[in-house]
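# Summary of the model geometry
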Amino acid sequence: MSDSKPTMASAGLTGNLGVGSIVFMVIAAAAPLTVIGGNVPLAIGIGNGVGAPFGFLIASLILLVFAVGFVSMTPYVKDAGAFYSYITQGLGLRAGMGAAWLALVTYTTIQAGVYGYMGWAMNDLVVHYGGAAHPWWLYSLLTIAAVAILGYRHIELSSKILGVALVLEIGVVLIMNFSILSKGGASGITAASFSPHNAFSHGLGMSVLFALTGFIGFESTAIFRDESRNPGKTIPRATYLAVLIIGVFYTFSAWAMIEGAGAARAVSVANDTLNGNGNMLLDIARQYSGPLLSNIIQVLLISSIFACVLSFHNVLARYKYVLSGQGFMPKFLSSVHAEHKSPSNASLVQSATALILITVCALCKLQPLTQVFGFMAGIATVGIVLLMLLTSLSVVAFFKQNSALVEGRVWKTRILPSVSVLALTASLVMVLANFTTLTGGSLFISTLLAIVPLLALVGGYLVVNKRQLMMRAAQS
């Protein structure tokens, strides 16, 4: 087994996904409506207040710089394993397998967290319209069943469903945003969010962190390589488009909501939301666009969360499929459904994994938002930043090893990837320094949760060592 460039044995997945379809699935994983309703009030209330949109802008720029190196290396990475394939190519098989395990833990935890969020949101919606309250986990289990059915079928069906949900949720937020601007906001339209006094105020790091969590899932541009049309062009275009669309939408919407609440009241309105005494998104939508749009947003929040967990499910199933094809997971996971052309067994296993996690959370009587979602999102944030950091390091290492490919592209292959390494290192330090705030837990619980991604990374590394030792023993 080579330690640098393993060959992927994953022939079988096919499809005709274009740039638009992949962008839909990537942005759906980001769950934009959920981010606007949840992360934006968090960034305003806990972060740098009125300057929160600047935090989203910084996060967008960090990911855009990261995308330059990611895209530059894409033509030389033939595997559909996304981040871990890049890391394997640049840093070797041990690091790559550690990253693969880290990715599995990262996306499994964030998916479980969002299932918890869905349980809470569904119950809240039913109660709001006069229905009886039910345990959150009941709605989570129903969602797992629906995702299992769609994930088992061809990816293009999921793409169409995600596309419709995405267009609707972005559309209603844009209607709200332009209603705010057309009516002049609470006290006139200003650029207070981007003034140095507000933008660089205390808490900017927290705003950047809440913004980064809103981008989780954008690596799936590369993981759909085998099912895309002309991946050499489709994947780079989809990556840039996804980052730009998500970044502009988040920044613009955060600024519009602050203008709607008014710079003087934005922080108190956001804190009321965090304390359960209101809903910043719904209240502003009702004020500027009427109760009908507010009700539509509340319903579409459910479709946004569903689109998010479905997208994560598709990513996880394909991770397991590729790892199985390379011999690092049971062989039956690499089978392709004869009719649906999907990684059906990997999909079923992922559904079973989600079922087990939610069942354990329910039996432990965890709260769906502060514990299931909060704890899992904290783990995933550490994991995704660490994955991107390792990917940027692999880009730098790959082009250093293959200097002939650098000619005429120094900015794209060396300078910007190095800048990305520095920016992501700083981001990881900020995540760990503020992890207790992210999870809402005690220092002891936060420390335990924070080391889970690191244990996954080390575990993957050790699995390769053990595998190689067994092969050497068999040869001798």
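Predicted model, so just to flag it, every value in this text is computed and none were measured.

## Looking at unusual backbone geometry
Here the phi dihedral of Lys365 falls at roughly 55°; this positive angle occurs in a residue that is not glycine. Relative to the assigned elements, Lys365 resides in the loop between helix 15 (344–363) and helix 16 (368–401). By relative accessible area, which is 70% here, Lys365 ends up exposed.

## Some remarks on the nonpolar core
Formed by 139 residues in total, the largest nonpolar core has its most connected members in Phe83, Met176 and Tyr250. Among the elements that line this core, the one with the most residues is helix 14 (residues 291–325), at 18 residues. Those residues in contact with Met176 that lie beyond four places of it in its chain are Met257, Leu281, Ile284, Ala285, Ser289 and Leu293.

## Describing the packing of aromatic side chains
Considering all chains together, one arrives at 18 aromatic pairs under this definition. Pairing Phe66 with Phe83 gives two aromatic rings, centres 5.7 Å apart and planes at 90°, and the pair type is edge-to-face. Of this pair, Phe66 sits in helix 3 (residues 52–73) while Phe83 sits in helix 4 (residues 83–91), and the two are 17 residues apart along the sequence. The exposure class of Phe83 is buried, given its relative accessible area of 0%. Relative to Tyr86, the ring of Phe70 has its centre 4.5 Å away and its plane inclined at 20°; by these criteria the two rings are stacked. Of this pair, Phe70 sits in helix 3 while Tyr86 sits in helix 4, and the two are 16 residues apart along the sequence. By the burial criterion, Phe70 is buried, and Tyr86 matches it. Taken together through their ring pairs, the aromatic side chains of Phe56, Phe215, Phe249 and Tyr250 make up a single cluster.

## A word on the pattern of salt bridges
Between side chains of opposite charge, pairing is possible as soon as their charged atoms come close. What the rule picks out here adds up to one salt bridge. Among the salt bridges present, the one from Arg286 reaches Asp283, with a minimum N-O distance of 3.2 Å. In this pair, Arg286 and Asp283 are both assigned in helix 13 (residues 280–289), three residues apart and thus about one turn of the helix distant. According to the relative accessible area criterion, Arg286 is partly exposed, its value standing at 36%.

Rules of the game
Residues numbered from 1 in each chain as written. Predicted model: local features only at pLDDT ≥ 70, side-chain atom pairs only at ≥ 80, totals over all residues. Heavy atoms only, no water. Helix = DSSP H or I, 4+ residues; strand = E, 2+ residues; numbered from the N terminus. Buried < 20%, exposed > 50% of the residue type's maximum accessible area, 1.4 Å probe, protein only. Core = buried A, V, L, I, M, F, W, Y, C linked by side-chain atoms within 4.5 Å. Contact = heavy atoms within 4.5 Å. Phe/Tyr/Trp six-rings, centres within 6.5 Å; stacked < 30°, edge-to-face > 60°. Salt bridge = Lys/Arg side-chain N within 4 Å of Asp/Glu carboxyl O.

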